[in-house]
Structures are given as C-alpha cells and as structure tokens.
Amino acid sequence: MATTDAILLSPKIKRHKQYTLVIPLDLQRDRVLLGYKLRGFGEGKYNGYGGKVEPNETVIAAAIRELHEESCLVVEEPAMIQRGVLLLETVADDVSPVLEIHVFTVETWEGTETATEEMTPHWFSLSKSLATPTPSTSTSGSIPPSSLSTSSSAAAIAPKDPSTDGAHDLPSIPYFQMWEESRVWMPQLLRHVVSLNEEGEEGEGKLVDEQEGPQSSLPSEGSAPTAAAVATTVGPHDDNGEQKPKKKGKYFIHHVQFVGGTDMDAGDGGEYSVWHVMGPRRLDWVDDVPVGDWEGRRSFGKYP
Ligand SMILES: Nc1[nH]c(=O)nc2c1ncn2[C@H]1C[C@H](O)[C@@H](COP(=O)(O)OP(=O)(O)OP(=O)(O)O)O1
C-alpha cells in the first residue's frame, strides 16, 4: 500500500497553488459531465469544473463554488466525494509552480447544467470512457463542441430510465482533447467509482493489477466493466428501499512532471504555457485523504 511519504514535493518549489476539479457523474444514465473551457487556463480543452482555491477558503468550499460558477449546478458538501489529487510540476525552470488540484466527483446535485462564460457543458458516455485511451482507440481529431450532447435535462436526483434517455448514443470522453495526464488518471478513477457501485456498501473498489512500481495499485487498464454493468449501477439500498451512503473507496495521487519549455510571452509570466508535455509521472492509490501541507516535500527522488 502506498503511503503519502512517497508523494513528496520537490524542495525547489517556490510557489504552490491549490485548485479544484469536480466531475459530475450521472450513474443511473451512464454519463459523465465535462465542460469545454472557453477561456483562460485550459482554453479549448474539456475538463471537470474547477478553479483556484481563494485565500481563507477551504478546498471543498472552493470546489462547490467553482462548480456552481461554471455549470450552475448546486451541490451540498456531503455530496462531494473527494477522489484524489493531481500534483503537477514542471522542470522548465527553478520557479516551477506546483499545482495541487483536488479532484471530486458528485453524483447528486440540484439545478441544470448550463453554459457559462467559462465552460460549455457536454455529456459523455461513462461506460465508453472506462478504457485507458490510446491515440488509435480515441477520437484524436477534434470533436467540435457543437456536435456533442449539451443536454439541458436536470440531473440525477430522481431515478430515470436509461433506456429512454439516449445516453447510449453519447461518445466517449475525448481524452485527447483534455490535459494530457487526464487520460491516465481519469479512466482509472471512473473504473474505480463503477466498481465501488457494483460491489455495494461492503466493496472497496477493485484495485487490481499492480503496476508502476511496488507502491502502486491501479485499476487494471483494459479491465473495464461492461456497459450493461455500468448502466445498471445504483447505490446500495437498505430494507426500506432508501439509498445508503456510498462507500468512498480509495484515493488517488497522481504526481506528474511537465517538461515543456516556458514561454515568457504567455500569461502570468509564462507559467501556463509549460503544462503541455507530460514527463515522469506516478499514480498511487491510498486509503485515506492525505492531510497537511505538501510544501517542501520531495518528489521524484523516490520514484522508479
Ligand atoms: N493538467 C491539468 N489537469 C487537469 O485535469 N486539470 C487541470 C490541469 N491544469 C489545470 N487544471 C484545472 C484545474 C482547474 O479546475 C482549472 C483551472 O482553473 P482556472 O484557471 O479556470 O481557475 P479560476 O476559474 O479560478 O480562474 P479565473 O479564470 O481567474 O476565474 O483547470
């Protein structure tokens, strides 16, 4: 089992920024909501919803706020499921900023996903997005946002009939139009969530296929649950038919170095332009959400 000791940030890090990323999952209709970013950091990419954690704001409050600002969805804190953290750094220069992006999923919310100035909402098939993509299995060409589903139907509070909602027509997540490392962690996270739902309350999610060093435990690439299994996943129910709280399972830590050069003409002193060529990376699954400050810890020294 990995421990947080293995996930230590580089001592050269001088700046450190916290961000949030929220992925709404409509399990009953087998679909995932992403936004197409219209401006700023990540413009032209699909991603979950999120942004910077403001001073004196908790990560979870920031996640709820950003989700609402960018999609108009309203989520209460208990519905936020903390799933992992992306630790992103660059070797481009000595003032590498580290982004610490806290990833959440939500399965219930209020309101309707709505286009905002920052993001256009698009639904994708969950079951088609479980396999780790390769350029040949993915849509490597651009999917124009206009050709994707921007269903404005309300989300998954009430049970719905998956046979009537056209969810099976939705495309896979366009991983090659996302941040590069998303294609590594996101399918694994989606498989983990699906397996948790399949196993019910007692399940811990199938984390199989030891890979990437002795401390990693990854959901198997290519062992995606079937579409039928996904489409029927609902949370466990007690004897009265009430839905029980879902088991949250493990928590991932994906640590990635980006190796692109810094373009000082880009915004904010060039820092944004470096996040485009993925270098060494490591993904671990741990039992608990790591607490505390990542600042000043070492990173790739211990990596295989
Ligand atoms: N490599 C990466 N992989 C990933 O999955 N998400 C990333 C990423 N790099 C950035 N993000 C996410 C984190 C966050 O959700 C979003 C960037 O947030 P923004 O810059 O849009 O923040 P804000 O909405 O606070 O900014 P403003 O436009 O100043 O309001 O992109």
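Residues numbered from 1 in each chain as written. Predicted model: local features only at pLDDT ≥ 70, side-chain atom pairs only at ≥ 80, totals over all residues. Heavy atoms only, no water.

An unreviewed UniProt entry lists the protein chain under the name Oxidized purine nucleoside triphosphate hydrolase, from Orbilia javanica. If you open the UniProt record of the protein chain and go to Sequence similarities (unreviewed entry), you find "Belongs to the Nudix hydrolase family." Its UniProt record gives the protein chain the following Subunit (unreviewed entry) comment, quoted word for word: "Monomer." (UniProt positions renumbered as here; feature names shortened; annotations may be inferred.)

Asks: Quick rundown of the pattern of salt bridges? Include the residues and the values.
Replies: All chains considered together, the criterion is met by 10 salt bridges. Between Asp-26 and Arg-31 there is a salt bridge, with its nearest N and O atoms 2.8 Å apart. On the basis of relative accessibility, which here comes to 3%, the residue Arg-31 falls in the buried class. Here Arg-65 ties to Glu-66 by a salt bridge, and the two come within 3.1 Å at their closest N and O atoms. Classification of Glu-66 by relative accessible area gives buried; the value is 7%. Counted as one network, the salt bridges with shared partners bring together Lys-37, Arg-39, Glu-117 and Glu-118. (Salt bridge = Lys/Arg side-chain N within 4 Å of Asp/Glu carboxyl O. Buried < 20%, exposed > 50% of the residue type's maximum accessible area, 1.4 Å probe, protein only.)

Asks: Explain the site of the ligand residue by residue, including any values.
Replies: Near the ligand, the surroundings consist of 19 residues, among which Thr-20, Lys-37, Asn-47, Lys-52 and Glu-181 are the closest. Contact distances for the ligand include 2.9 Å between a nitrogen atom and a side-chain N or O atom of Asn-47. Within the backbone of Gly-50, an N or O atom sits 3.5 Å from an oxygen atom of the ligand. Relative to its unbound accessible area of 650 Å², the ligand is 85% covered by the protein chains. Residue contributions to the shell around the ligand peak at 3 residues, all from strand 1 (residues 15-26). Class assignment of the residues belonging to the shell around the ligand gives a composition of 8 nonpolar, 5 polar and 6 charged. (Near = heavy atom within 4 Å. Polar contact = N/O pair within 3.5 Å; in protein donor to acceptor, adjacent residues only side chain to side chain. Areas by Shrake-Rupley, 256 points an atom, 1.4 Å probe, with all protein chains shown as cover. Helix = DSSP H or I, 4+ residues; strand = E, 2+ residues; numbered from the N terminus. Nonpolar A, V, L, I, M, F, W, Y, C, P; charged D, E, K, R; others polar.)

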